[in-house]
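So the chains spell out like this:
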Amino acid sequence: MVKHKLQPDNWVDQYADYLFNYAVSRVSDAEIAKDLVQETFFAGLNSAKNFKGDAAERTWLVSILKRKVIDHYRKINSKKGKAEVRINYSSDSDAEGDWLEQQVADPFSKDGDNILENEELGLAIQDCITKLPQKQALVFKLKTIQGMSTEDVCNELDINPSNLWVMIHRARTALMGCLNENWF
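No experiment lies behind these values; they were computed from the predicted model shown.

Caption draft 1: Local environment of helix H9 (residues 161–182). Along its 22 residues, H9 runs 31 Å from first to last C-alpha, staying within 8% of the 32 Å computed at 1.5 Å per residue. Within the sequence span of H9, burial applies to Asn163, Leu164, Val166, Met167, Ile168, Ala171, Arg172, Leu175, Cys178 and Leu179. The distance from a side-chain oxygen at the start of H9 to the backbone nitrogen of Ser162 is 3.0 Å, and the residue carrying that oxygen is Asn160.

So, in structure tokens, the structure goes:
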């Protein structure tokens with residue numbers, strides 16, 4: 001197995017853009033993403049002595065950045081309080097929420113009947129997602145678009161499954177309203 005070595009002098013040139021894109025896709029705010037990348041580099045320098053060389057340098061930095069993103073959302077959540085919403089979902093209601101995934105084709109798919117219409121709808125969906133509250137948009141992207149498991153999303157954002165499904169439901173409702181108003 002190849003042992004990797006850290007080269008902190010090259011981090012900004014080699015990894016800043018990748019880490020920034022990773023962060024901005026999760027926090028949807030360029031300034032916060034820049035701060036998180038900077039914090040990642042500082043944390044990497046501070047914990048360089050713990051680097052074992054088992055992972056590639058970029059992989060190691062991404063794992064630090066993931067923790068920074070999680071910490072960012074934990075800080076936001078702690079400011080809002082720890083109110084918990086409890087809703088009982090039946091298996092029937094879970095299936096009803098899949099309207100977006102079932103009705104909307106992949107906007108970049110070449111298999112659609114009307115490629116131009118698919119692209120326009122994809123752009124409309126992306127525009128509507130940017131209008132969602134930040135955390136709702138992130139939950140929707142991670143769970144619905146990126147297909148992360150419920151457990152992984154809950155662990156990454158420090159929320160429980162009930163909170164996740166409430167946010168998904170609210171996001172879908174808002175997206176449907178936005179699409180009805182701006183696209184359909």
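Caption draft 2: Looking closely at the packing of aromatic side chains. Following the criterion strictly, the structure yields three aromatic pairs and no others. Ring centres of Trp11 and Phe41 lie 6.0 Å apart, and the angle between their planes is 25°; on these two criteria the pair is classed as stacked. With Trp11 in helix H1 (residues 11–27) and Phe41 in helix H2 (residues 30–46), this pair connects stretches of sequence that are 30 residues apart. You'll find Trp11 and Phe41 in the same group, each marked buried. On the numbers, 6.2 Å between centres and 55° between planes, the contact of Trp11 with Trp60 is tilted. With Trp11 in helix H1 and Trp60 in helix H3 (residues 57–80), this pair connects stretches of sequence that are 49 residues apart. An aromatic cluster of three or more residues is present, and its members are Trp11, Phe41, Phe51 and Trp60. For Arg26, the ring lying beneath its charged end belongs to Tyr22, and the centroid distance is 3.7 Å. If you follow Arg58 out to its NZ or CZ, it ends over the ring of Tyr18, 3.8 Å from the centre.

Caption draft 3: Spatial organisation of the side chain of Glu57. Along the chain, Glu57 turns up in helix H3. Of the buried charged residues, Glu57 lacks a salt bridge, with Arg58 as the closest side chain of opposite charge at 9.6 Å. At a separation of 2.7 Å, a polar atom in the side chain of Glu57 contacts the side chain of Trp11.

Caption draft 4: Focus on helix H8 (residues 150–157). Residues Thr150, Val153, Cys154, Glu156 and Leu157 constitute the buried set of H8. Taken around the axis of H8, the buried residues stretch over an arc of 165°, which confines them to a single face. Directly after H8, the chain includes Asp158, whose backbone phi takes a positive value near 55°.

Caption draft 5: Structural context of the nonpolar core. Grouped together as the largest cluster of nonpolar side chains are 30 residues, with contacts concentrated most on Leu19 and Leu157. Only H1, H2, H3, helix H7 (134–145), H8 and H9 provide two or more residues apiece to this core. The residues touching Leu19, leaving out its near neighbours within four places in the chain, are Val37, Thr40, Phe41, Leu61, Val62 and Leu65. Counting eleven residues, the second-largest nonpolar core is a separate cluster that includes Ile129, Ala137, Ala171 and Leu179.

Caption draft 6: Seen up close, the state of the cysteines. Under the definition given, this model contains one disulfide. Note that Cys128 is cross-linked by a disulfide to Cys178, the S-S spacing being 2.1 Å. Note on the Cys128 and Cys178 pair: the S-S dihedral is about -80°, so by sign convention the disulfide is left-handed. Of this pair, Cys128 sits in helix H6 (residues 115–130) while Cys178 is found in helix H9, placing the two residues 50 residues apart along the sequence. Relative accessible area serves as the criterion here: at 2%, Cys128 is assigned to the buried category.

Caption draft 7: Region of the structure containing the packing of H7 against H8. H8 packs onto H7 with a crossing angle of 145° between their chain directions and a minimal axis gap of 10 Å. The crossing of H7 and H8 is right-handed. Residues Lys135, Leu138, Val139, Leu142 and Lys143 of H7 lie in contact with H8, whose contacting residues are Thr150, Val153, Glu156 and Leu157.

Caption draft 8: Representation of the environment of Asp158 within the structure. With respect to the helices, strands and loops of the structure, Asp158 is situated in the loop between H8 and H9. Accessibility expressed as a relative area gives 39% for Asp158, which makes it partly exposed.

Reading the values: rules and limits
Residues numbered from 1 in each chain as written. Predicted model: local features only at pLDDT ≥ 70, side-chain atom pairs only at ≥ 80, totals over all residues. Heavy atoms only, no water. Helix = DSSP H or I, 4+ residues; strand = E, 2+ residues; numbered from the N terminus. Expected span 1.5 Å × (residues − 1). Buried < 20%, exposed > 50% of the residue type's maximum accessible area, 1.4 Å probe, protein only. Polar contact = N/O pair within 3.5 Å; in protein donor to acceptor, adjacent residues only side chain to side chain. Phe/Tyr/Trp six-rings, centres within 6.5 Å; stacked < 30°, edge-to-face > 60°. Lys NZ or Arg CZ within 6 Å of the ring centre and 35° of its normal. Lys, Arg positive; Asp, Glu negative; His and termini not counted. Salt bridge = Lys/Arg side-chain N within 4 Å of Asp/Glu carboxyl O. Arc of directions from axis to C-beta. Core = buried A, V, L, I, M, F, W, Y, C linked by side-chain atoms within 4.5 Å. Contact = heavy atoms within 4.5 Å. Disulfide = S-S within 2.5 Å. Axes fitted to C-alpha atoms, helices over the stretch in contact; angles between N-to-C directions. Left-handed = near helix turned anticlockwise from the far one by under 90°.

Any link to function would need more than the numbers given here.
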